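# Working through the structure, step by step
Chain residues, written in single-letter form:
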Amino acid sequence: MTGYGRSVTSYTMPVAALALALAVRASGVSVDEGSLNVRILVGALSSAIMFVTIFVVLDHAEALARRVGEPYGTLVLTFAVTAIEVSIIVSMMLHGENNPTLARESVFSTVMITSTGVVGICLTLGGWRYRKQAIVRQGTSAYLSVLIALTVMTLILPTYTRATDPGTFSAAQLGFVSVLSVLLYASFVFAQTVRHREDFVQEAHDAPMRTASHDSISVSALLLLSGLIGIVLLAEQVAASVEDALAAYQVTQADSIVGALIAALVLMPEAISAIRASFKNELQRSLNVAMGSACATIGLTIPAVAAASLLTGRGLTLGLPASDAVLLVLALFICSVSFSTERTTFLTGMVHVVVFFTYVFLIFVP
């Protein structure tokens, strides 16, 4: 499905997702009303179509990314993923009873999966194949500085503020931190695309970019937009199905599990793209994809869910518990050490993978 010679699925799924979402809303089928069988059927169908459409949408995003080149291409992919994640989180926050920790768990999972899981696999497999791989240290340092600042401000600082209960911000604090997050991420994007573009491009390994007609690019952009709208509208049905299933089975640690599932589902296509790049000895592109997702998730998702919280009056808990905070600090510290030089090996990657497995294990055995 990747590339310019696409299958029929690449053209039909975005349209099918949008059509199904509009049909469900037009028919008046409610996620909270009607028979259980109807709700299960609608939820299952919505989940299946949304799952496939996510991959198709990101395929079109990659086509646009190849057209505009690096580092702009990575931003196209990152913004598409962030839009999907925000829509799912906000839909689940607003479904049923208040779910104040879901956004925190999803953002935390995204940072852990990208900085330990995706990065670890890329470094391990790439290092095993090429022995050593080169990175642009200035670019990775920029990613890490932004990521560290955003994670500490949004996921650790709320535990220590005194205006409200531990783990939460007051309305003023939440708005202030949200604005700062957007400004910091916007400054990072400006540096990545304009001011210091050379710090994020690994010229030695850049492959020749295949050109595409303006018509194919226009079609990709249109299908990308249609697919994103369809996913956003279907997210409400999927959110209802997931929460109803967890409640029916009385699953403990539901927010942690759902947050990890959301992050894993949304990041899967990006993870595959990053791993492929590392196999081509384009490690900097792998890091651009992985670390860019983490930065965008915090810089854009947190302000979006904060706005939803302030507008709806639903509580939002962002401060991590102690065990998760320790894991987060450990992951960021390991990234700082791993990228302190301009070369990485498979051993560097194994350290990240070990921390990732620890994170996964503690989800189910806290």
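Residues numbered from 1 in each chain as written. Predicted model: local features only at pLDDT ≥ 70, side-chain atom pairs only at ≥ 80, totals over all residues. Heavy atoms only, no water.

Looking now at the overall build of the protein chain. If you tally the helices and strands in the protein chain, you get 11 helices and two strands. Starting at the N terminus, the α and β elements of the protein chain follow one another as α-α-α-α-β-α-α-α-α-α-α-β-α. Counting all 366 residues of the protein chain, 53% fall into the buried class. Taking as baseline every contact in the protein chain between residues at least 6 positions apart, the subset at least 24 positions apart corresponds to 85%. Accessible surface, the protein chain as shown: approximately 16100 Å² in total, 67% of it carbon and sulfur. (Helix = DSSP H or I, 4+ residues; strand = E, 2+ residues; numbered from the N terminus. Buried < 20%, exposed > 50% of the residue type's maximum accessible area, 1.4 Å probe, protein only. Contact = heavy atoms within 4.5 Å. Areas by Shrake-Rupley, 256 points an atom, 1.4 Å probe, with all protein chains shown as cover.)

Tallied over the entire structure, the rule returns two cavities of 30 Å³ or more. Considered as a void within the structure, the largest cavity measures approximately 40 Å³ in volume. Lining the largest cavity we find Thr114, Val118, Leu267, Glu270, Ala271, Ala274, Val289, Ala290 and Ser293. Where the lining of the largest cavity is concerned, the elements lending two or more residues are helix H4 (102–130), helix H8 (254–279) and helix H9 (283–312). (1 Å grid on protein atoms, 1.4 Å probe; cavity = no way out; pocket = protein on both sides within 12 Å on 5 of 7 lines; lining within 4 Å. Points joined across faces, edges and corners; volume = space filled by probe spheres on them.)

Estimates place the volume of the second largest pocket at around 280 Å³. Taken together, 17 residues form the lining of the second largest pocket, with Ile113, Ala260, Ala264, Phe356 and Val360 sitting closest to its centre. Elements supplying a minimum of two residues to the lining of the second largest pocket: H4, H8 and helix H11 (346–364). Examining the composition of the lining of the second largest pocket, we find that eight residues originate from one element, H8, more than from any other. Its residues assigned to classes, the lining of the second largest pocket shows 16 nonpolar, one polar and no charged. (Nonpolar A, V, L, I, M, F, W, Y, C, P; charged D, E, K, R; others polar.)

Glancing now at the pattern of salt bridges. Across all of its chains, the model carries one salt bridge by this definition. Two residues, Arg104 and Glu105, come together in a salt bridge whose shortest N-O distance is 2.8 Å. When sorted by exposure, Arg104 lands in the same class as Glu105, which is buried. (Salt bridge = Lys/Arg side-chain N within 4 Å of Asp/Glu carboxyl O.)

Turning to the packing of aromatic side chains, a few remarks are in order. Two descriptors summarise a pair of aromatic rings, namely the distance from one centre to the other and the angle between the planes of the rings. Tallied over the entire structure, the rule returns seven aromatic pairs. Ring plane angle 80° and centroid distance 5.8 Å describe the contact between Phe108 and Tyr359, whose orientation is recorded as edge-to-face. Highlighted residues: Phe108 in helix H4 and Tyr359 in helix H11, separated in sequence by 251 residues. Of the two residues, Phe108 and Tyr359, both sit in the buried class. Judged by centre distance (6.2 Å) and plane angle (35°), the ring pair of Tyr185 and Phe188 falls under tilted. (Phe/Tyr/Trp six-rings, centres within 6.5 Å; stacked < 30°, edge-to-face > 60°.)

Glancing now at unusual backbone geometry. In this structure, Arg131 takes a positive phi of about 70° despite not being glycine. Mapped onto the elements of the fold, Arg131 is located in the loop between H4 and strand E1 (133–134). With a phi close to 65°, Asn281 is a non-glycine residue in the positive phi region. Position of Asn281 among the secondary structure elements: in the loop between H8 and H9. Residue Asn281 is classed as buried on the basis of its relative accessible area of 16%.

Our next topic: the confidence of the model for the protein chain. This prediction gives the protein chain a mean pLDDT of 81; 86% of its residues lie at or above 70. Looking over the protein chain, one finds the lowest element-wise mean pLDDT in helix H3 (residues 72–94), namely 72, and the highest in helix H10 (residues 322–338), namely 94. In the predicted structure, residues 1–5 sits below a pLDDT of 50 and forms 17 contacts with residues beyond four places in sequence or in another chain. (pLDDT = per-residue confidence, 0-100.)

What follows covers the packing of H10 against H11. Here H10 crosses H11 at 170°, and the two axes come no closer than 10 Å. In terms of orientation, H10 and H11 fall into the roughly antiparallel class. Along its contact with H10, which presents Leu327, Leu330, Ile334, Cys335 and Ser338, the element H11 presents Thr348, Val351, His352, Val355, Thr358, Tyr359 and Leu362. Residues of the contact of H10 with H11, tallied by class, amount to eight nonpolar, four polar and no charged. (Axes fitted to C-alpha atoms, helices over the stretch in contact; angles between N-to-C directions. Parallel < 35°, antiparallel > 145°, perpendicular 65-115°, else oblique.)

Moving on: the nonpolar core. Generally speaking, a soluble globular protein has its nonpolar side chains buried in company with each other. Ranked by size, the top nonpolar core spans 96 residues in total, and within it Ile88, Leu316, Leu328, Phe339 and Tyr359 carry the most contacts. When residues no more than four places from it in sequence are discounted, the contact partners of Leu316 are Met93, Pro100, Ala103, Thr168, Leu174, Val305, Ala306 and Ser309. (Core = buried A, V, L, I, M, F, W, Y, C linked by side-chain atoms within 4.5 Å.)

A few words now on the side chain of Ser178. In this structure, Ser178 sits in helix H6 (residues 171–195). Beyond its immediate stretch of four places on either side in the chain, Ser178 contacts Ile302, Pro303 and Ala306.

All right, on to the environment of Ile334 then. Relative to the helices and strands, Ile334 is located in helix H10. In this structure Ile334 comes out as buried when scored by relative accessible area, which is 12%. On a C-alpha basis, the gap between Ile334 and Ser115 in space is 9.1 Å, while along the polypeptide they are 219 residues apart. Residues contacting Ile334, with those up to four places away along its chain left out, are Val351, His352 and Val355.

Before going further, it helps to spend a moment on a nonpolar patch on the surface. On the surface, Trp128, Phe346, Leu347, Met350, Val351 and Val354 cluster together to form a nonpolar patch covering roughly 610 Å² of accessible area. Ranked by the residues each element gives to the nonpolar patch, the list is headed by H11, at five residues. In this structure, Phe346 sits in helix H11. (Patch = residues over 30% accessible without salt bridge, like charges linked within 9 Å, V, L, I, M, F, W, Y side chains within 5 Å.)

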